[in-house]
Amino acid sequence: MSKTVLMCPPTFFEVREAKNPHMGLAIDRVRAQHQWENVQRSLRDSGLKIELIDPVQGLDDMVFAANQVFVGGDLQVGKFIVPSRMRYPSRQKEVAFYVEWFRHRGYRVVELDLQGEYLEGHGDLLWHPDRSRIWAGFGFRSTRGGVEKFAAAMDKLGFPVTPLELIDKHCYHLDTCFCPLNGSAVLIYPEAFSPAAIGAIGNGFERIHHLTRDEAMQFIANGVVVNGRFVTPRLTANLTGILAGEGLAPVVVDTSEFEKSGGSVFCMKTFID
Ligand code: ARG
């Protein structure tokens, strides 16, 4: 069970260019700071330890700590990161700061030769809860080729990767439409996936819980599962039923300022152990 997350304060958070269809409205930075503190508090109250990386002026999306590196490791291979190659040049600059943060703390850096392909960390690359495999979304941000190169590297370390093609531009990252609740159950917005991806998900989980389009657009798939809780930006009757059936207690936190940038709770942190 992961116990520590890395977060980045939203000091320089801004919406400058529309990198995804959710982006358009300007941010209220005072509200954003307040919401970010609440998210941090909810995660801490749920039993997580929080580490911070310093925000950098001019890096408007650095607050979305899920995207700059993939974090992995087990007792055999040790802790490692795979640096992302972000699709947007403005976000590529964030990666070096995160890589430095991890390098400084002893994580091995597994550099991929991505040759023009893109890979966006835990926006698209999600561990199965028992860490037996990695689910890898591609299509809008990470590319198929990027995921293939990542899969080849992970294969050598003993971690199988299952690619999942994304087909709805509003669900541009896997973490906007796919959220494992435990080793047997997953929350998905099914229309975001190609038929082959739906087949692969069906092979990986015993229980597939569906979200409606409306729920997906409200970032309900972008929740965080931690110690029997599900930290979510919203609660619907459908989600309440699903969580009850899986033995998870909902914790609701307002992330509306971050949703104007296309992200919610899951995007705002990365598990580091
Ligand atoms: N504005 C950011 C972008 O488009 C949002 C990233 C959200 N992160 C995530 N893991 N889905 O890159």
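Going by the structure above, here's the rest.
Residues numbered from 1 in each chain as written. Predicted model: local features only at pLDDT ≥ 70, side-chain atom pairs only at ≥ 80, totals over all residues. Heavy atoms only, no water.

Participant: Run through the sheet that holds strand E5 (residues 108–109), naming residues and quoting values.
Facilitator: Taking strand neighbours across the sheet as the criterion, the three strands line up as E3-E4-E5 in an open arrangement whose pairing is mixed. In this open sheet, the two edge strands, each paired with only one partner strand, are strand E3 (69–74) and E5. Across the face of the sheet, helix H3 (residues 144–157) comes into contact with E3, strand E4 (78–83) and E5 while running at roughly 170° to E4. (Pairing = 2+ DSSP bridges. Helix = DSSP H or I, 4+ residues; strand = E, 2+ residues; numbered from the N terminus. Contact = heavy atoms within 4.5 Å. Axes fitted to C-alpha atoms, helices over the stretch in contact; angles between N-to-C directions.)

Participant: Can you lay out the environment of Ser-84 for me, pointing to particular residues and giving the numbers?
Facilitator: Mapped onto the secondary structure, Ser-84 falls in the loop between E4 and helix H2 (89–104). Take Ser-84: its relative accessible area is 9%, and that puts it in the buried class. Each C-alpha atom of the pair Ser-84 and Ala-96 lies 9.5 Å from the other, and the pair is twelve residues apart in sequence. Discounting residues that sit within four places of it in the chain, Ser-84 has contacts with Asn-67, Gln-68, Val-69, Val-95, Leu-119, Glu-120 and Gly-121. A distance of 3.0 Å separates a polar side-chain atom of Ser-84 from the backbone nitrogen of Gly-121. (Buried < 20%, exposed > 50% of the residue type's maximum accessible area, 1.4 Å probe, protein only. Polar contact = N/O pair within 3.5 Å; in protein donor to acceptor, adjacent residues only side chain to side chain.)

Participant: Give a description of the side chain of Glu-259 that names residues and reports values.
Facilitator: Here Glu-259 shows up in helix H7 (residues 256–259). With relative accessibility at 10%, the residue Glu-259 sits in the buried group. Only 2.5 Å separates the side chain of Glu-259 from the side chain of Thr-255, close enough to count as a polar contact. Glu-259 has contacts with His-22, Phe-219, Pro-233, Arg-234 and Ser-264, leaving out every residue within four places of it along the chain.

None of this, on its own, says anything about what the molecule does.
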